[in-house]
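# Examining the three-dimensional arrangement
The lines below spell out each chain.
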Amino acid sequence: MIELLGVFTAFGLSASAGLNAYIPLLVVALLAKFTDLLTLRPPWDTLESWWIIGLLVVLSLIEFFADKVPAVNHINDLIQTFVRPTAGAIAFAASANVITDVHPVLSLGLGLLVAGGVHAVKTLAVRPAVTATTGGAGNVPVSIAEDVISTILSILAVVVPVIIACVLVLVTAYIIWRWYRHTRRLNAA
């Protein structure tokens, strides 16, 4: 059961990194530094360093403010196309250390795919739709919501991984149901 919870934690943290690269890494670093919820093994224990924690705070603040400024947010998303999947890979590999049978390359690959997928949906579907429908006025509230969701998801991924798994299953089921319903309507027309 512990191994399964470690997998849920890893997937939740890497999904969170797809929304905001630095929040899940900062959550992992702070929880590992100040609690017994996470025990990071080398080389991931480097995240507990005060230098790394300070750097993550600075990078979190930069991303927070850059994502709220029109035009700068698009440049930020372009830069984050490389950073968020990498952060997801690191978060996955660092938190999946409970699972000793999984090769680190597989952990990094899974984290990269999950965070990259979330980032792709955000950048290619959600943000352009928000910009088009609100003339860009909705980007700041959506960005704040993404930061809040990333923070909550990161904390819950560590504290309550089973809830994250249930949420992911429900969201996936909802998306499949909506797609199925849409497909049926198109076929009926």
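Scope of this entry: the structure provided in the associated data block. (Residues numbered from 1 in each chain as written. Predicted model: local features only at pLDDT ≥ 70, side-chain atom pairs only at ≥ 80, totals over all residues. Heavy atoms only, no water.)

### A look at the layout of surface pockets
A water-sized probe rolled over the atoms picks out the places where empty space is left. The volume enclosed by the largest pocket comes to roughly 570 Å³. Taken together, 18 residues make up the lining of the largest pocket; nearest its centre are Leu19, Val118, Ile149, Leu168 and Val171. For the lining of the largest pocket, the secondary-structure elements that each account for two or more residues are helix H1 (2-19), helix H5 (104-134), helix H6 (139-159) and helix H7 (161-188). Within the lining of the largest pocket, the residues separate by chemical class into 15 nonpolar, 1 polar and 2 charged. (1 Å grid on protein atoms, 1.4 Å probe; cavity = no way out; pocket = protein on both sides within 12 Å on 5 of 7 lines; lining within 4 Å. Points joined across faces, edges and corners; volume = space filled by probe spheres on them. Helix = DSSP H or I, 4+ residues; strand = E, 2+ residues; numbered from the N terminus. Nonpolar A, V, L, I, M, F, W, Y, C, P; charged D, E, K, R; others polar.)

### As for the nonpolar core
Counting residues in hydrophobic clusters, the biggest one holds 23 residues, and the most contacted among them are Leu13, Val28, Leu38, Leu40, Leu47 and Leu56. For this core, the secondary-structure elements that each account for two or more residues are H1, helix H2 (22-34), helix H3 (50-66), helix H4 (72-95) and H6. A total of 9 residues in this core trace back to one element, the largest contributor, which is H2. Those residues in contact with Leu56, other than ones at most four positions away along the chain, are Tyr22, Leu25, Leu26, Ala29 and Leu47. (Core = buried A, V, L, I, M, F, W, Y, C linked by side-chain atoms within 4.5 Å. Buried < 20%, exposed > 50% of the residue type's maximum accessible area, 1.4 Å probe, protein only. Contact = heavy atoms within 4.5 Å.)

### Digging into the pattern of salt bridges
Within the structure shown, the criterion is met by 7 salt bridges. Close ionic contact of Asp77 with Lys122 constitutes a salt bridge, the shortest N to O distance being 4.0 Å. Of this pair, Asp77 sits in helix H4 while Lys122 sits in helix H5, and the two are 45 residues apart along the sequence. Linking Lys122 and Glu146 is a salt bridge whose minimum nitrogen-to-oxygen distance equals 3.1 Å. Note that Lys122 is positioned in helix H5 and Glu146 in helix H6, a separation of 24 residues in sequence. For the pair Lys122 and Glu146, a shared accessibility class is recorded, and that class is buried. Salt bridges here are not isolated pairs; linked through shared partners, they connect Glu63, Asp67, Asp77, Arg84, Lys122, Arg127 and Glu146. (Salt bridge = Lys/Arg side-chain N within 4 Å of Asp/Glu carboxyl O.)

### As for the packing of aromatic side chains
For any two aromatic rings, the description comes down to two numbers: the centre-to-centre distance and the angle of the planes. Per the stated rule, a full pass over the model turns up 4 aromatic pairs. The interplanar angle of 85 degrees and the centroid separation of 5.1 Å between the aromatic rings of Phe64 and Phe65 together place this pair among those described as edge-to-face. Take Phe65: its relative accessible area is 52%, and that puts it in the exposed class. Measuring from centroid to centroid gives 6.0 Å for Tyr174 and Trp177, while their planes differ by 35 degrees, and the two rings are tilted. (Phe/Tyr/Trp six-rings, centres within 6.5 Å; stacked < 30°, edge-to-face > 60°.)

### Remarks on the side chain of Asn139
One can find Asn139 in helix H6. Aside from chain neighbours lying at most four places away, what touches Asn139 is Asn73, Arg127, Val130 and Thr131.

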